[in-house]
Amino acid sequence: MAFVWRTRSPGETEEFGRLLASILLPGDVLCLYGDLGAGKTVLARGIARGLGITRPVTSPTFTLINEYSGRLPLYHMDVYRLGGSGEMADLGYEEYFYGEGVTVLEWAGRVEEVLPSERLDIYFKGFQGEPDLREIHIIPRGRRYEELVKELTALVGAGY
Ligand code: ADP
Ligand code: MG
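Just so it is clear, the structure is predicted and the values come from calculations on it, not from any experiment. (Residues numbered from 1 in each chain as written. Chains lettered and ligands numbered in written order. Predicted model: local features only at pLDDT ≥ 70, side-chain atom pairs only at ≥ 80, totals over all residues. Heavy atoms only, no water.)

**Student:** Even after reading the chapter, I still don't get the side chain of Glu-135, so can you show me in this structure?
**Tutor:** Its location among the elements puts Glu-135 in strand β7 (residues 130-141). Glu-135 sits in the buried class, given a relative accessible area of 5%. At 2.8 Å, the side chain of Glu-135 forms a polar contact with the side chain of His-137. (Helix = DSSP H or I, 4+ residues; strand = E, 2+ residues; numbered from the N terminus. Buried < 20%, exposed > 50% of the residue type's maximum accessible area, 1.4 Å probe, protein only. Polar contact = N/O pair within 3.5 Å; in protein donor to acceptor, adjacent residues only side chain to side chain.)

**Student:** Where do I start with the site of ligand 1 in this structure?
**Tutor:** As a matter of local geometry, ligand 1 sits amid 17 residues, with Thr-13, Gly-37, Lys-40, Thr-41 and Asp-132 nearest to it. Here an oxygen atom of ligand 1 and a side-chain polar atom of Thr-41 are 2.9 Å apart. Residue Asp-132 places a main-chain N or O atom 2.8 Å away from a nitrogen atom belonging to ligand 1. Relative to its unbound accessible area of 570 Å², ligand 1 is 75% covered by the protein chains. For the shell around ligand 1, the secondary structure elements donating two or more residues are α1 (10-21), α2 (40-50) and β7. Split into classes, the residues belonging to the shell around ligand 1 amount to five nonpolar, six polar and six charged. (Near = heavy atom within 4 Å. Areas by Shrake-Rupley, 256 points an atom, 1.4 Å probe, with all protein chains shown as cover. Nonpolar A, V, L, I, M, F, W, Y, C, P; charged D, E, K, R; others polar.)

**Student:** Hey, could you run me through the sheet that holds strand β4 (residues 73-78) in this one?
**Tutor:** Two strands in a sheet stick together by hydrogen bonds in their backbones, pointing the same way (parallel) or opposite ways (antiparallel). In spatial order, the strands read β1-β7-β6-β2-β5-β4-β3; together these seven strands make up an open sheet with mixed pairing. In this open sheet, the two strands that pair with only one neighbour each are β1 (3-7) and β3 (65-69). Across this sheet, the average inter-strand angle for adjacent strands is 20°, counted without regard to direction. Of the strand pairs in this sheet, strand β2 (residues 29-33) and strand β6 (residues 119-127) are connected by four bridges, and their pairing is parallel. Note on β6: the bridge partner recorded for Leu-30 is Leu-120. Set on the sheet, α2 makes contact with β2, β4, β5 (102-106) and β6; between it and β5 the angle comes to about 165°. Against the sheet, helix α5 (residues 143-156) touches β1, β2, β6 and β7, its axis set at about 135° to β7. (Pairing = 2+ DSSP bridges. Axes fitted to C-alpha atoms, helices over the stretch in contact; angles between N-to-C directions. Contact = heavy atoms within 4.5 Å.)

**Student:** Mind showing me how you'd approach the coordination of the magnesium ion (ligand 2) here?
**Tutor:** Think of it this way: four donors in a tetrahedron around the metal ideally sit 109.5 degrees apart, and six in an octahedron ideally sit 90 or 180 degrees apart. Within the protein, Thr-41 (OG1) and Glu-106 (OE) serve as the donor atoms for the magnesium ion (ligand 2), at 2.1 to 2.2 Å. With Thr-41 in helix α2 and Glu-106 in strand β5, this residue pair connects regions lying 65 residues apart in the sequence. Relative accessible area serves as the criterion here: at 2%, Glu-106 is assigned to the buried category. (Donors = N, O, S within 2.8 Å, 3.2 Å for Na, K, Ca; no water.)

As structure tokens, this is what we get:
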């Protein structure tokens, strides 16, 4: 069951991230897909806030990974500049994906081969002529994430 949420401002996207954070569990992996400027980092910031992280959350485009400690550890990764899945090993990604924190991975499509088969896929869609409108499509992969989407639906309603 997919879930679609529409937002009309960065603030709304961040707020959605906060709500999502409230139902995250240790080991959850969230994979973000969408073009530059789609809103991936804005959502990651909202998730961080929802986990009680107050430090500034900036794009890890150059650092590749930023770690934060909140209600759960947050591993915020951005693999835009990575050559591909092969370079993921150097990052020690397994420690993050299969660890006790929450992983939020921007540009997940670039490292498809190493993504865990169970994960939450989050796609961002923009609209021509509507600069502030985004559709966030959430697709659960695996039992844990089906459960998460059910909880999300209970929390915020059916979507939109
Ligand atoms: P990405 O990480 O996907 O490259 P960012 O989150 O860094 O993108 O940037 C998203 C940009 O789009 C920001 O400049 C933000 O202000 C703008 N924006 C406009 N409308 C929205 C929206 N509804 N949700 C998220 N960002 C939005
Ligand atoms: Mg980004």
